[in-house]
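# Commentary on secondary and tertiary structure
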Amino acid sequence: MPGKLKAKIVAGRHLPVMDRASDLTDAFVEVKFGNTTFKTDVFPKSLNPQWNSEWFKFEVDDEDLQDEPLQITVLDHDTYSANDAIGKVYIDIDPLLSSEAATVISGWFPIYDTIHGIRGEINVLVKVDLFNDLNRFRQSSCGVRFFCTTSIPLCYRAVVVHGFVEELVVNEDPEYQWIDRIRTPRASNEARQRLISLMSGELQRKIGLKVLEMGGNAVVGYLQCFDLEGESGLVVRAIGTACTLEKLSGGGATNNAQHTANSSPSKDMKEPVFGDECPSNPLSSGPSTPLRAPPFTSFSPSKSYSRQSSSSDTDISLTPKTGMGSGGSAGKEAGPLKILLRQQTQTALEQREFPFFTLTSFPQGFLLHVAGVVSARSVKLLDRIHNPALGSTRSYKLLDWSSCSADEPETRDAWWEELRQEIKSHARALGCHAVVGYSESTSICEEVCILSASGTAAVLNCRFLQDGCLDVLSEHRCDDSAPPGCGFCHVPYDELNMPFPAQLSPCCCCHRTKVPDVLFTTIDLPTDAQVTGKGCLIQARLCRLKKKSQGEGNATCISNLLPFLEYELHTQLLNKLKLCGMNALFGLCIQISVGENMLVGLASATGVYLSALPSPGGIQIAGKTPNDLTYDQHVSSIQRKINDTIVKNRELYEIHITEVAEDVIGSPIPEPRQRSRLFRSHSESSDELSELDLSHGKKDAFVLEIDDTDAVEDLHSLLTDAPTPPGFYSCNTEIMPGIYNWTSAIQMFTSVRVFRLNNANLTNLGLNKIFNELCENLLKSLYFKLRSMVPCCLCRLNFTVAVPEDELIQVCLLCVCVSVRVSIAETEEQLQFPLELNAESASPLSPKGSGTPSVDYSSFADRCSSWIEQLRLRAHTIRRGSIKTSSSPLPEGRSRSLRSTRSFPGSSVSVVKMTPLSFIPGAKIVKYLGIINMFFIRETTSLREEGGVSGFLHAFIAEVFAMVRAHVAALGGNAVVSYSMKECVFMENPNKNQAQCLINVSGDAVIFTRESDQEGHLPQTSHPQPTEDTPP
Amino acid sequence: MSVELDVFVGNTTIMDQEVYQLWLSGYTVGDAVKVRMDGGVLDGCDASAEVLRSDTMDQFRTFQMCERLLHNPAKLANQLLFQIPPDRQAMLIDRYYAFDDAFVREVLGKKLSKGTKKDLDDVSSKTGILLKSCRRQFDNFKRVFKVVEELKGPLVENIRQHLLLSDRLARDYAAIVFFANHRFETGKKKLQYLTFQDFAFCAGELISHWTVGAMDNQLEDMDVDLDKEFLQDLKELKVLITDKDLLDQHKSLVCTALRSKTKVFAEMEASFKNLSRGLINIAAKLTNTKDVRDLFIDLVEKFIEPCRSDRWVTIDVNLYLTHYINSAHILDTFKHQAVWNSLWDELFKMLTDIQHVTVCFLVKMGMVASGASAAAEGTRATAASSEEPVPVHPTQFTTSISFSFRDMLNVGCRAWPHSG
């Protein structure tokens, strides 16, 4: 009996009136964990009961502790009839199971009812006493910590990054046809909520076991998703990166930093090994030839029919040949030699064979080279998940599936396995041994499911992947062979033996190695990357109609459409990137959603101008009938327009290229190549992609022909995108390249829109236009709403599209708006700084280093090299004329004394900040309290009365926020970082006046402290800024 | 293509004060969008009316959801649904409970019943305030009334604490509750010239001097009810008009004091008995609920209008009332060597308040200012006198003289006979 859970019910407040006669409530509480239930006394006739119960004690296995939530049900006592439930609170006690996280859960929780929403609050105290017994065969993994953050959490240091962990569990969905159910909606919703809570718990426990097996103690970049497969069941799956983390103490960090600073830049022996070895396994890969920048795609059709793209098979068969990492360097997980075709098996050992990392930003020196995006999609037909115990008898013995999950998860596992193998082979073809920024997603419509996986092929420094390399880590600076500012851009593949045709040119920074002309990645911009100017959000949007069909036909149809969709998205991205005068995309996320009669694709990324990469060429417009004079005029006017836009954009994003004159943008190519339209064949992805490569050579412009309707369409979407209004910046990455003067005023928001396409006979073109407008309008709406925060930056702008019904498109958006400080000192500093630094050392200046007090992504603080530290010192001196001592435990504004954050005086509710970022501008995260992973269902049978669909969803989202905040506050936290809304499924039936919505959110609960000494104050006093979180 | 659903929810609840005001004023989304457009909110933004509409809708929804909480402002501070900074919370509450003077003037003194609520559309069309806003304001009155009805202790303080209103609003609501409770008649045509603030001032005076709570601060009772005992005692004043000798003496004392001090001395002398009767009768009848309701109309009819027809100016009225009370005190000292009685002391304080109120009304009515006395700071002329109006708030004026009244009375009361 390894654990004792104790709970105490203190009081309630604002309870709803349950007895109409007296306008009061006779409330009592049931506390349930596992199969044990306790009850409090009835507190009669009060809306603010004070139960002050004894401690209810549950003696349970730690396995149960991990799986089960604590269930608190508030009821109204009724002498004559059944007691009425007021609502429930589910408390995930996982944060209490780790010694480093929260120690007690105590606070007010909203009492939630799936029909009525929040109905009052309840004050609860929860504690756990854990007894350690490590020597038995463990089924539990207590103590393994989970982080949603896709970088090493700020107050930790990665000792070892073990690698990929994944798991999935399946179950029967307690309710897949909610409208037609016979039992009360409340009962089925609750069954579902509870089931998913259990499944998440189990999933975490299982992943934890894998981590322990690998020798790690934490999962970073934990990404958990639900697939609501309807009749075929419910899949909860998760991926993450296993790490061994070590908590940074203040002193430790200082030591480390100094250590790093003082140590001579000793050569690391492993890196060159990689550099040499990588090109030695150029794969003459199969039909899906990799390409450098564009997403590397392939499609495996549904297992249920014969058409099988050749790519995956060949790649998989190639896999075992390659001995990637140098012997032993990759540790347990990076040795991919063990990969066999036994895809269906899922031993923990094999999971580690995927050299995948869900992280998007890395400790300094971890990432050596980045090759480009690799992605794979496959279309599957869902069938009923065979689950004998749960089958058709709807007995929700929810814990039972573990006993009978015998063969079932394997199908889903196999699907993913297949996809991962594909990704891996793509990465290998690009000369890379790892995939970073890896993520997986699904889109389900009826019985068709598109599985997608994508990541960025990369070469990593394997020191981090090894056990026992702690000393090496702290002593060695990141290798010098690859200068930090441009090293990651260098192509990992061999120039002479390229797996695909590509334009390489010497690195503009170091001139030593080759770089590609464009770079697409799914990761965040590395902190040491050299960037010219600012970044911006770039989106490609596309809709494609598809015939309505069923089963296999439908799947075939979709898989036929996919390559086109993806190709066009890619072209659009590339065009827009060029139009912005930029040459690299970060945080690329391509979503393809399937609906009954259309496919919607949305690609978002943050464009930047990487100094290392060559300047992008312009866009050349070509007409097919050059003899026609008016037509020529038309062409040239468009050309002029495009050129103007490029010039304007360069101005806007401050991309001033000082180097070569030949890079002049928009210069028309002397002889426009009269090429046939880029690609319209029905070939495999490889064809399109290689052809694409030809189209944009190094310095010459990208040719667009406007005879083609599609080209007109492309052009249209290019030119109709409204630029961000002055004062706004937007990006979908953690930080905005080129903007560093953040303030602490942040506002996180969620926006959901559903559009109905009224006219049924739409063309692709019309549909595209509508979809494009829809996204543009959503952005415009944001700019308007947030106008009071100007100048500000919309970070982590995360769009999610779905096609919930026939003619509906749903767009969800989650974003944080961070106010940016306008400061004269800043600009000065930026000017002065590079000069000074260059005078002293030749090391290229990281833009990040130019003294930005509030941006805080210094998770790698300990490994920061000395010059950054010096730089910072100087920054302080310049800015304030005061000298900051180097004793600061952490760089980047970490030196400030801590001030406990107070909640607003006079308010009994503490303020909890929420942000999709992994940090809080102007603040320091001092403790991670545990993962927040919550799933809610809300249903109504009085839709009109609740203000229609908008009113209903508005209230629900507000309630979800409230519940997240309450849980964080109860853990003792004051913020949620890396917050995301994984799922927002909205269904309505206006005729029946009903609607239902499911929301899944996750994030990391943290305690942060505001940086408060002079550094923090100075800008605040000199520049009056909006009060924190002040909304417009 | 149509937007089926459109929501925008911030972690910190997003609200625009301007939109809030439009919502409070009862605008529909469409009208609010129009007003905002005309207000130029889109200037400098690359946004369409659609964007504005969506923003307005979002905020209106937010306010609607907040409304439930605003009905119990104490809840707003510790609810979890909306994360609103405290200064915003205060703003929300204060604006929600703010009311239009034009509206309150219509409802003041009426019973806060369903019947009154049904008549709100008339009020709406009369005042030009949208019905929705009227309903909100009316419901606010009713809600505050309900909250403080059963509470003990000082009214203003209760309102401030239970509804978290600002001092000014709390004071105004105290007046509204007080008026509604006693159903003071304020709607008569003769009273139309008085603003809500005039009545609020009177309410403040009455609450602080005439109510049970005022009689004994320590007494755990409420401020809303008038002190019955006190009203009963007011009947004793009748001796001033029923006893012929006393009346004559009183008159001669006042006249002696006033002689050569005012231009309207002759009129004063002539109307002394009438005015005295008018005042004392009002005081004596207050035990009757009906007469309490008519307090203000009676004061205007029985005292203020006669004065006005005699073309008294405010300073004259002041003088008159000062000496009226002062003389009563001398009168007593001579006539009856009775023991000092605290009750009578209090009683005269109350009478003073009648005077305060009267003077307040007078000032508002704008007694004709003669050239000589126009110098007095309280004097003001109105359109009635066809002279330039000098706006002076009645409160300034009355407070200046209230002290003298009180002093006189305190002395005078000592000797007042306890006719029991």
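Residues numbered from 1 in each chain as written. Chains lettered and ligands numbered in written order. Predicted model: local features only at pLDDT ≥ 70, side-chain atom pairs only at ≥ 80, totals over all residues. Heavy atoms only, no water.

Under an unreviewed UniProt entry, the name given to chain B is Acidic fibroblast growth factor intracellular-binding protein, and the source organism is Denticeps clupeoides.

Per an unreviewed UniProt entry, chain A goes by the name C2 domain-containing protein 5 and belongs to Denticeps clupeoides.

## A few points about the overall build of chain A
Looking only at helices and strands, chain A features 18 helices and 33 strands. Looking at chain A as shown, the accessible area adds up to about 34100 Å², and 53% of this sits on carbon and sulfur atoms. (Helix = DSSP H or I, 4+ residues; strand = E, 2+ residues; numbered from the N terminus. Areas by Shrake-Rupley, 256 points an atom, 1.4 Å probe, with all protein chains shown as cover.)

## Focus on the packing of helix 9 (residues 131-149) of chain B against helix 11 (residues 167-182) of chain B
Residues and elements named next belong to chain B. Where helix 9 contacts helix 11, the axes come no closer than 10 Å and their chain directions differ by 80°. On the basis of the axis angle, helix 9 is roughly perpendicular to helix 11. Note on element contacts: helix 11 touches helix 9 through Tyr-173, Ile-176, Val-177, Ala-180 and Asn-181, opposite Asn-140, Phe-141, Val-144, Phe-145 and Val-148. Per-class residue counts for the contact of helix 9 with helix 11 are 8 nonpolar, 2 polar and no charged. (Axes fitted to C-alpha atoms, helices over the stretch in contact; angles between N-to-C directions. Parallel < 35°, antiparallel > 145°, perpendicular 65-115°, else oblique. Contact = heavy atoms within 4.5 Å. Nonpolar A, V, L, I, M, F, W, Y, C, P; charged D, E, K, R; others polar.)

## Describing unusual backbone geometry
Cis rather than trans, the peptide bond between Val-790 of chain A and Pro-791 of chain A has omega equal to -5°. Among the structural elements, Pro-791 of chain A can be located in the loop between helix 14 (764-785) and strand 27 (792-802). For Asn-52 of chain A, which is not glycine, the phi dihedral falls at a positive 45°. Within the secondary structure, Asn-52 of chain A is located in the loop between strand 3 (36-39) and strand 4 (56-60). The phi torsion at Arg-183 of chain B lies on the positive side, around 50°, for a residue other than glycine. Arg-183 of chain B gets classed as partly exposed once you look at its relative accessible area, which sits at 30%. (Buried < 20%, exposed > 50% of the residue type's maximum accessible area, 1.4 Å probe, protein only.)

## With respect to the sheet that holds strand 1 (residues 2-10) of chain B
An order of 25(A)-27(A)-28(A)-26(A)-1(B) is seen for the 5 strands of this open sheet, with the pairing classed as mixed. The sheet is open, and its two edges are formed by strand 25 (728-730) of chain A together with strand 1 of chain B, each paired on a single side. Each neighbouring strand pair of the sheet contributes to a mean axis angle of 25°, computed without reference to strand direction. Pairing of strand 26 (residues 742-756) of chain A with strand 28 (residues 808-820) of chain A, which is carried by 12 bridges, proceeds in the antiparallel orientation. In the strand pairing of strand 28 of chain A, Trp-742 of chain A is matched with Val-820 of chain A. Against the sheet, helix 14 of chain A touches strand 25, strand 26, strand 27 and strand 28 of chain A together with strand 1 of chain B, its axis set at about 145° to strand 27 of chain A. Sheet strands in contact with helix 3 (residues 49-70) of chain B are strand 26 of chain A together with strand 1 of chain B, and its direction is about 55° off that of strand 1 of chain B. (Pairing = 2+ DSSP bridges.)

## Topic: the sheet that holds strand 19 (residues 519-520) of chain A
In a beta sheet, neighbouring strands are held together by backbone hydrogen bonds and run either parallel or antiparallel to one another. All names here are of chain A. With respect to topology, 4 strands assemble into an open sheet ordered 19-21-22-20, the strand pairing being mixed. Strand pairing shows two members of the sheet lacking a second neighbour, strand 19 and strand 20 (531-545), which therefore form its edges. Note that strand 19 and strand 21 (residues 584-594) share 2 bridges and pair parallel. Note that in strand 21 the partner of Leu-519 across the bridge is Ala-584. Docked against the sheet, helix 10 (residues 551-579) engages strand 19, strand 20, strand 21 and strand 22 (598-610), running at close to 150° with respect to strand 20. Against the sheet, helix 14 contacts strand 20 and strand 22, and its axis sits at roughly 140° relative to strand 20.

## A short note on the side chain of Arg-61 of chain B
Residues and elements named next belong to chain B. Turning to its location among the elements, Arg-61 is positioned in helix 3. Using a relative accessible area of 8% as the deciding quantity, one classes Arg-61 as buried. Only 2.5 Å separates the side chain of Arg-61 from the side chain of Asp-58, close enough to count as a polar contact. (Polar contact = N/O pair within 3.5 Å; in protein donor to acceptor, adjacent residues only side chain to side chain.)

## Topic: the packing of aromatic side chains
Under the criterion given, the structure shown has 36 aromatic pairs over all chains. Feature note: the residues Tyr-20, Trp-23, Phe-63, Tyr-96, Tyr-97, Phe-99, Phe-103, Phe-141, Tyr-173 and Phe-196 of chain B constitute an aromatic cluster, connected by ring pairs. The ring of Phe-784 of chain A has Arg-787 of chain A lying over it, and the distance from NZ or CZ to the ring centre is 4.1 Å. Sitting over the ring of Tyr-96 of chain B, Arg-136 of chain B keeps its end group 5.6 Å from the ring centre. (Phe/Tyr/Trp six-rings, centres within 6.5 Å; stacked < 30°, edge-to-face > 60°. Lys NZ or Arg CZ within 6 Å of the ring centre and 35° of its normal.)

## Considering the pairing of strand 3 of chain A
Residues and elements named next belong to chain A. Looking at chain direction, strand 2 (residues 27-33) and strand 3 are connected through 4 bridges and run antiparallel. Residue pairing in the sheet places Phe-33 in a bridge with Thr-36 of strand 3. Counting the residues that bridge the hairpin from strand 2 to strand 3 gives 2 residues, and of these Gly-34 lies at a positive phi of roughly 60°.

## Focus on empty space enclosed by the protein
Of the voids in this model, the largest cavity is the one considered here, and its volume is about 460 Å³. Only helix 1 (62-67), strand 6 (84-92), strand 7 (105-113), helix 2 (185-214), strand 11 (218-228), strand 31 (923-940) and helix 17 (948-970) of chain A provide two or more residues apiece to the lining of the largest cavity. (1 Å grid on protein atoms, 1.4 Å probe; cavity = no way out; pocket = protein on both sides within 12 Å on 5 of 7 lines; lining within 4 Å. Points joined across faces, edges and corners; volume = space filled by probe spheres on them.)

## Concerning the interface of chain A and chain B
Of the residues lining the interface, 60 residues belong to chain A; the matching set on chain B comes to 41 residues. Interface area, chain A with chain B, both sides summed: about 4400 Å², of which 60% is carbon and sulfur. It is Phe-784, Lys-785 and His-954 of chain A in chain A that bury the most area against chain B; as a group they hold 18% of the surface buried on that side. The interface formed by chain A and chain B includes 5 salt bridges. Across the chain A-chain B interface, the total number found is 24 residue pairs in polar contact (both at pLDDT 80 or more). Contributing elements (two or more residues each) for the side of chain A that touches chain B: strand 7, strand 8 (117-130), strand 26, helix 14, strand 30 (913-914), helix 17 and strand 32 (975-989) of chain A. The biggest single contributor to the side of chain A that touches chain B is helix 17 of chain A, with 13 residues. Within the side of chain A that touches chain B, the residues separate by chemical class into 33 nonpolar, 15 polar and 12 charged. (Buried area = accessible area lost by both parts, 1.4 Å probe. Salt bridge = Lys/Arg side-chain N within 4 Å of Asp/Glu carboxyl O.)

## Comments concerning the nonpolar core
Ile-122 and Leu-610 of chain A together with Tyr-320 of chain B are the most contacted members of the largest nonpolar core, which has 239 residues in total. Counting residues per element, this core draws most heavily on helix 17 of chain A, at 14 residues. Listed in part, the 35 residues of the second largest apolar core include Met-598, Leu-602, Leu-782 and Phe-799 of chain A. (Core = buried A, V, L, I, M, F, W, Y, C linked by side-chain atoms within 4.5 Å.)

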